[in-house]
Amino acid sequence: MAGATPGTGRAILERIADGDPGAMTDLVDKYGDLVWSLARRYFGASPVAQDSVQEAFLSLWSSAARFRPDRGSELTFVLTVARRRMVDQVRHEARFSDSVPLAGDEVDSNSSDQARLDAQLEMMRVQPLLRELSGNERKILSLSLYEGYSHSEIAKRLNMPLGTVKTRIRRSLIRLRAALKVERGEA
Amino acid sequence: MTTADRILELLAAEAAGERLEDAEYGELRELLAAMPAGERIRERDLMHEAAALGQAAFLAEDREAWRTMPDGLRERLMRMARARALDSAPRDSAPRRANWPARWGWAAATAMVLAWIVTTVLLPRPQVVPPTVSVQAAPDLVSLPWRSEVSGYEQVRGEMTWSDALQAGEMRFAGLPPNDPELQQYQLWIVDPDRHEHPVDGGVFDALADGDIVIPVNAKLNVDQPVAFAVTLEQRGGVVVSQGPLLLVAAEGPRPGQAL
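Residues numbered from 1 in each chain as written. Chains lettered and ligands numbered in written order. Predicted model: local features only at pLDDT ≥ 70, side-chain atom pairs only at ≥ 80, totals over all residues.

A. Region of interest: the interface of chain B and chain A. Taken together, the contact between chain B and chain A spans 49 residues of the former and 60 residues of the latter. Of all the elements in the fold, those that place two or more residues in the side of chain B that touches chain A are helix H1 (3-15), helix H3 (37-61) and helix H4 (71-92) of chain B. Of the residues forming the side of chain B that touches chain A, the biggest block, 16 residues, is contributed by H3(B). Here the side of chain B that touches chain A is built from residues that sort into 28 nonpolar, 7 polar and 14 charged. (Contact = placed C-beta atoms within 7 Å. Helix = DSSP H or I, 4+ residues; strand = E, 2+ residues; numbered from the N terminus. Nonpolar A, V, L, I, M, F, W, Y, C, P; charged D, E, K, R; others polar.)

Next comes the structure, spelled out in structure tokens:
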């Protein structure tokens, strides 16, 4: 499991829930770059990106006791909590794009950092889920989930009716959910 | 479209970050309320997980998107994490410190210094209610069982204890369905019609895991003689005025001289 701490077999979130004083910094060490990368997709280089990462970690530290290793990996939990916090924030903040990178915010495509590679390997595992979707569905879902465009922005960009965009995004997510259930043997 | 399909459609819209119309949001709340609490949370979580994993899959394909967190942000998070870890340590040992006064006697001066430290430095902040033992020992303590006729909550057991003198109390629950703290939280309301026209906000709280919990009451206003306590499920952080159904109620008969 991606979340297990080497040598202990226990996830960092479980250690936080148990009151391990070093576990919260370990969570930042392991997932900080990942959460930051997600925040950059939503908020660009605006200061809101940093605030959203801070909010995400506060939420993760607070909700660590809800993590159940038998129901999914630690990475999935981190991604889900961080994303939900960011989606909440997106609803309240203007979306920034084409921003100038912040000082110290480096593109990290050649990094050999083990934590990042672990996370990337686990995420590669979920890519087959996207094969459930047609090319057009993937495109729309990517613009929504990954690029962070609003549904009306997507409709304008693709010259499609807003209702069609909403319907396709909803259906694509439902199919991803179904594939996730199958992968977990819950279907 | 079946009810199950409609729930999935609305959950998908929510998980995608779509701003639901008021009517759709109300419909989603009604449909979810009809489901058992555990299933409701599981369905919602699963849809959000699907969205998060979908996003992660796109991220995994995009090498250019990987970023290293700015040093300043990393340092700030590390400071917060360390402070939070330190902050949780005193709470864990609070009962031991609360017993310190019982150990004095060998040197009055030392005890007085310790007492000063305990009362001015170590005891919980003012908004935190006194320790459990104080509330339970209050001479005017009222204890009322929780009752519910709402589907999914009939099995909840426990009691509400309250002391007018201390303006403090505790909620004890067994079997309270877990909430999803990312979206909704339980909220306590204190009914004191002689003093307040509307129920007083008693604070929000979460029920995690098995639902066997003890929650101190954090009343936002002074209450004189509460006649009832009620629990609702509200948006995260709570609301000022509740529109939701009363999931649990703890009420007593009329007090002497008081009309309900």
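B. Region of interest: the nonpolar core. Residues and elements named next belong to chain A. Grouped together as the largest cluster of nonpolar side chains are 72 residues, with contacts concentrated most on Val 35, Ala 39 and Leu 173. Tallying contributions element by element places helix H2 (residues 23-43) first for this core, with 12 residues. The contacts of Val 35, once residues within four sequence positions are left out, are Val 53, Ala 56 and Ala 82. (Core = buried A, V, L, I, M, F, W, Y, C linked by C-beta atoms within 7 Å. Buried ≥ 20, exposed ≤ 12 C-beta atoms within 10 Å, placed from the backbone.)

C. Structural context of the sheet that holds strand S3 (residues 168-174) of chain B. All names here are of chain B. The strand order across the open sheet formed by 4 strands is S1-S2-S3-S6, and the pairing between neighbours is antiparallel. Here the strands that pair on one side only, and so sit at the sheet edges, are strand S1 (142-145) and strand S6 (213-216). Sheet twist, expressed as the mean angle between neighbouring strand axes with direction ignored, is 15°. (Pairing = 2+ DSSP bridges. Axes fitted to C-alpha atoms, helices over the stretch in contact; angles between N-to-C directions.)

D. Spatial organisation of the packing of helix H6 (residues 135-146) of chain A against helix H8 (residues 162-183) of chain A. Residue and element names in this part refer to chain A. At a closest axis distance of 9 Å, the pairing of H6 and H8 adopts a crossing angle of 95°. With respect to their mutual orientation, H6 and H8 come out roughly perpendicular. Counting all contacts with H6, which are made through Glu 137, Ile 140, Leu 141 and Ser 144, the residues of H8 involved are Val 165, Arg 168, Ile 169 and Ser 172. Class assignment of the residues belonging to the contact of H6 with H8 gives a composition of 4 nonpolar, 2 polar and 2 charged. (Parallel < 35°, antiparallel > 145°, perpendicular 65-115°, else oblique.)

E. How the structure looks around the pairing of strand S4 (residues 184-191) of chain B. Residue and element names in this part refer to chain B. For S4, the tally of buried residues reaches 7 of 8 residues, placing the bulk of the element in the interior. With 8 bridges connecting them, S4 and strand S7 (residues 228-235) associate as antiparallel partners. Paired with Gln 184 across the strands is Gln 235, a residue of S7. Pairing of S4 with strand S5 (residues 200-205) involves 4 bridges; the strand directions are antiparallel. If you follow Gln 187 over to S5, its bridge partner there is Val 204.

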